[in-house]
Every structure is written in C-alpha cells, then in structure tokens.
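# Residue-level structure breakdown
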Number of protein chains: 2
Amino acid sequence: MHKLWDSYPEIKKELEVVIDLMDENAYCKDKVIESSIKDMIHSNGKMIRPGFSIIAAKFGEYEEERTRVLAAVMEFFHMATLVHDDVIDDAKLRRGKETVQSKYGKDYAVYIGDYLFCICFKLLASTASLQSIQIDSKAMSRICLGEVEQLNSRFDKNVSVKNYLKRVSGKTAELFSLSLYIGAAESNCDKKLSRLFWNIGHNIGMAFQIIDDILDYVSDTNTLGKDSANDLKDGLYTLPLIYVLEKQPKELLTILDKEIYEDEDIAAIFKLTHELGGIESARNLAKKYTDKAYKLIGQLPDNEYKSMLKEMSRVLLERAY
Amino acid sequence: MHKLWDSYPEIKKELEVVIDLMDENAYCKDKVIESSIKDMIHSNGKMIRPGFSIIAAKFGEYEEERTRVLAAVMEFFHMATLVHDDVIDDAKLRRGKETVQSKYGKDYAVYIGDYLFCICFKLLASTASLQSIQIDSKAMSRICLGEVEQLNSRFDKNVSVKNYLKRVSGKTAELFSLSLYIGAAESNCDKKLSRLFWNIGHNIGMAFQIIDDILDYVSDTNTLGKDSANDLKDGLYTLPLIYVLEKQPKELLTILDKEIYEDEDIAAIFKLTHELGGIESARNLAKKYTDKAYKLIGQLPDNEYKSMLKEMSRVLLERAY
C-alpha cells in the first residue's frame, strides 16, 4: 500500500481489502489480461479515489461490503482511463513500471481498457443504485471528453489557462468528485451532503492534477515513476508552461515550433518555464483550489474523517510523488 | 434504412425512430466526436441488433419508448466495438466509408469508442432494470474477450474450428443474444421465453458471422463496403480458411508462412480456399446454425413476428452483403 495511507491505519486496512476484492474481480479467462490487470493493481498506486470513497462513506451509514465494491470501481475506472491514455501517449512507464501498451502492444491495451470498463459496470450493476449508475455513466462521459479536449489541445501554443482548467476538470477532477460523491450517496448521506462532497472532490482534484503537472517539471523519472518529458514530447502543454506561454516569450516559442523536441529542447523548455515563473504561478493556483477545498470541508459535520480529509488535501498539495 | 427491412414496414418505421433517438444521443460538446458518431449512424448499417430487440419486445408488453432506447443501446454498443476493432485492424473502410481511425487517427478512435460505451451505459441506466444492466455488462465482458481471443489467434496456422467458434460466440453471437434477450426481458416476457430468445440469438449470430467471413472470400470491396483482404493481411484466419488448413495443404502453408501477404498471395489464398472446399464447409455449418435457430424459433408463440424472425434468419443466411 502506498505510503500516503500510513497515517490512517483504518482506511489503509480497508484499502487492503479493496485490493483483494480487485484481485478477485480481475479474474479473466485470458491470462494475459488477468495478469496485466493484476500487475496494475499491485503497482503501488496511490489509491486516492477508493480511499476517498471510503472516507466519504464514513459520514453516512457505513456498509463495508458495498463501500468496498464502489471503491474498487473507482480504482478500476481510473485504471481503464490510464490504459487508454497510455495507448494515446505511447507511454513506456507508468508508476515506474512498463505500461500495458508498451508490454503487450496497443491492440491489447485497447481491449484491456475496455475489459476494465466492463468490470466497472459489472460491479456497479451488482451494488449501486440505478441513480448512482446514472451519475456514474454521465461522469464517465465527461472524463472521456476531458481526454478528447486534451488531445485537441496538443501542440497548441495559444492554449489558454481556461482551456487547461476545463480539460483538467473533466479528465481528473470529475473522478475525484465521483469517488467522494458515490461513497456518500450510497451510504445514505442526504443530497446536500453528497453534493458538498462532489464539490470538495472537484477542488481537491483540480489541485491534484496541477501538482501532478508541476511535478513533471521538477521531478526525475525515479521519483515520479513515469517519464516526465513524455507528455511534453507529445505536445501536451500543461499549466506551468501555459502560464509562461501567455507572455509569448520568443525564445520559448522558437523551441516549441520545432517538429520534434530533442532532450536538450526539453531541458531548455523546463529551464525557461522555471525562470519565467510558470511553476510558481501554477503552484499558487493549486494552493487556491486547496484553500477552496478546505473551506468546503469546513462545512462537513465534525468527526475524525473530516480532519483526515483536510490533512489529505494538504498532503496532496505538498507531495513530491 | 438498409434494404434488409424493406419487407417489414412496421419494424422499419420503428428503426427510423431509433435512428432519430441515436442522433439525439450522439450530441457531444466535441463536434468531431459528434459528427463522427452521426456519420456512423447514417452509414446504412443493417441495424439487425436493434431490429431484433424490437421484434423480441413484440412478444411481450411492447412499450415503445423503452424498446427504442434499448434498441439504440444495442446499436451504439455494436458501433463501439466496431470502432475499437478498427483501431486494431487498421481498417480503412467500414460500410463502404472511411473508418473513424483512418479519418481522425487512432487516438481519437480510442476515445470515440469509449464515448460510445458511455452513451450505452447512460441510456441503459436511464431505462433498463438493474438486472438487465447486470446481464448487459456481463455480455459486454464476453464480447470483449471474444475480441481478445481473435487477437491471440492471429497468424496461428493451427487455429482450430473449435477456437474459431468460441471467439465468434463471444465477439458476435453474444450481442445477437443480448439484443433479442433484452427486448424480451424488458417487455416482461417470462424467464423461459427470454432465455429462448437468448438461444435463438446465439444461433442466428453464429450463422451471421460465418456468412460474414465467407463473404470476405467471395465479394469484392464494392459489394461489401469493406476491404475484404484486410482481415487476412492482418493474419485473421476465418472459418473457410480454417477448414482448409485442417488438411494442412503444403501450397497454402507456404504462402501463409510469408512475412507479408501481397495481393497475389491473397488471391492465391482465396483461390485455394475455394478449390479445397473451405467455402462449402463453412456454408454448411452456417446452414446448421440457421436450422438450429429455426427449430428454436418454432418454440415461440405463434404470431406475425415469429414468421418474421424465421424469414430474417433465412435472408441473413442467403445474403450477399
């Protein structure tokens, strides 16, 4: 289990059961699919989304079986999007391990992603209410659209902060919202409380993705477990760079105009993004989203899980992994 | 609307409404996605699966709204699998038109397929019972596995008829079964009748795919609307060839051993498959499945839709498109 949960033994223990449950549901006649899914399950992911579902469920009538299944669905869904993203990105590394598509080829990866979606719906249909399935499928559409928006914005040197935030809202924050929401709603929290969780998820998710994108500019492959320069090579401009691009610095534009970014180009882009304040501006915005999340968490009923959620959002803001 | 439905004006009319409904649900903020989905909707597909859902629903308490939505789901789901298949196959043509992946690239095609899955689940969750959603998601897993089995069997000169039938059962027959089943079950047909429809679907679906694969060996691109040699070039050996391969004819094996199949190789493979009786054997098996379907249809309560289903299975067996 990821070190993130070391301070919360109760949630950590639940997440360990969720992982067992995921293992069971990874069963597949095709053993390549099964083992590639199991590899992903045991790749030391942060398990934030399932963890959030569990925490939110603690605010209602906590039913452990139901909550675990829903938590597993959130992580399976996250995995499905990762696998299909990696098909697009041609990513070689994910969580420090070789990606499915790099190991088994694009063809397999498309179907493994599809198979993971199927697992999600099988589990959802066996556990959740029709209403939650509806909300879930709508959220999934929006996540999918976030990915498409990201695709569309590639190599666009005029991409705006607004456009970036819109796609992050879809591709990342939506699943954070859903994870907290579904944990609450399926534990019979009332509508108002469930919606509050949705909004908290949005703000934590926005901050999370911004930090993720900042880390690409400040970490090396070993710390992050993925090839940081990869997104940039694929023309994926994220917040730190977008902030700098708003100033249209000539030196940077010249490099970005190149057909292919060589390693020295990447290094130069990283350096300029630092020097021109892109990292700092991005960090400020992540801080703002976290502050907003803090405020909203303040409206939750007082209990130990409320403090936990507050602490988690700070830890996620300050993380280097 | 495809000519297949010309003799059944009642179903044809319903299918036209289903197409309108699909158009409405193809709405997407991303206009490339929307228009590519609409292109597919209006590409003159046979609409067999939604047609079957409607026919089966006529055996129960026919609710038009509900039936149309479920019929649309079956076609959307079929489209999703087509799009992802074409990513794998690198297919350039589908229904005589350029495929999504050839037009917009693989990246887009992965997400368009995902988006179509999302539409399916949104619609299902808004209309079907939890039990049907469960059955549906299980069927989807099996369809996905059928695709993977097909992937695994590529360029395998020892692929058996049994293996072929297994993958066809997954990738094609399952959705035929589901379409008839869900039409019946969601119109309050009893369990026995719904299950009968499932089995009818299986047999029609098996025959359908076998005929599809035969047509690749006997049609030209214009009649079929897809590049017939494409599957073969990708190492996808289907029933006519598999029957011939059982006899291990040296001349054929030599050609199949080649790294790349040139046009003259394809022509030679086609010729040998004809001469060595592969087409005939495959056609016999398709006939057997259709006979089995006939028998099962015979157990349905007598009405005009029963005759329709019988006629349809004969027409599908004898089709050249």
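As a starting point, this report considers the structure included with it. Computed from a predicted structure; not experimentally measured. (Residues numbered from 1 in each chain as written. Chains lettered and ligands numbered in written order. Predicted model: local features only at pLDDT ≥ 70, side-chain atom pairs only at ≥ 80, totals over all residues. Heavy atoms only, no water.)

Moving on: the packing of helix α9 (residues 191–218) of chain B against helix α16 (residues 304–318) of chain B. All names here are of chain B. Between α9 and α16, the shortest axis-to-axis distance is 9 Å and the interhelical angle comes to 20°. Taken together, the axes of α9 and α16 are roughly parallel relative to one another. Read as a crossing pair, α9 and α16 show a hand that is left-handed. For the pair formed by α9 and α16, the contact residues are F197, I200, I204, F208 and I211 on the first element and L309, S313, L316 and L317 on the second. Its residues assigned to classes, the contact of α9 with α16 shows 8 nonpolar, 1 polar and no charged. (Axes fitted to C-alpha atoms, helices over the stretch in contact; angles between N-to-C directions. Helix = DSSP H or I, 4+ residues; strand = E, 2+ residues; numbered from the N terminus. Parallel < 35°, antiparallel > 145°, perpendicular 65-115°, else oblique. Left-handed = near helix turned anticlockwise from the far one by under 90°. Contact = heavy atoms within 4.5 Å. Nonpolar A, V, L, I, M, F, W, Y, C, P; charged D, E, K, R; others polar.)

Time to look at the relation of the copies chain A and chain B. Structural alignment of chain A on chain B gives an RMSD of 0.0 Å, achieved by rotating through 180° and translating 0.0 Å along the axis. Taken together, the rotation angle and the small translation identify this as a two-fold axis. A high fraction, 100%, of the interface residues of chain A reappear at the interface in chain B, so the copies pair face to face through one surface. (Least-squares fit on C-alpha atoms with pLDDT ≥ 70 in both.)

Residue and element names in this part refer to chain A. Positive phi, normally seen in glycine, also occurs at F155, with a value near 60°. Mapped onto the elements of the fold, F155 is located in the loop between α7 (130–152) and α8 (161–185). Taking relative accessible area as the criterion, F155 reaches 41% and is therefore assigned partly exposed. (Buried < 20%, exposed > 50% of the residue type's maximum accessible area, 1.4 Å probe, protein only.)

The subject of this paragraph is the environment of A:N163. All names here are of chain A. With respect to the helices and strands, the residue N163 is situated in helix α8. Using a relative accessible area of 30% as the deciding quantity, one classes N163 as partly exposed. Considering only alpha carbons, one finds N163 and E149, 14 residues apart in sequence, at a separation of 8.4 Å.

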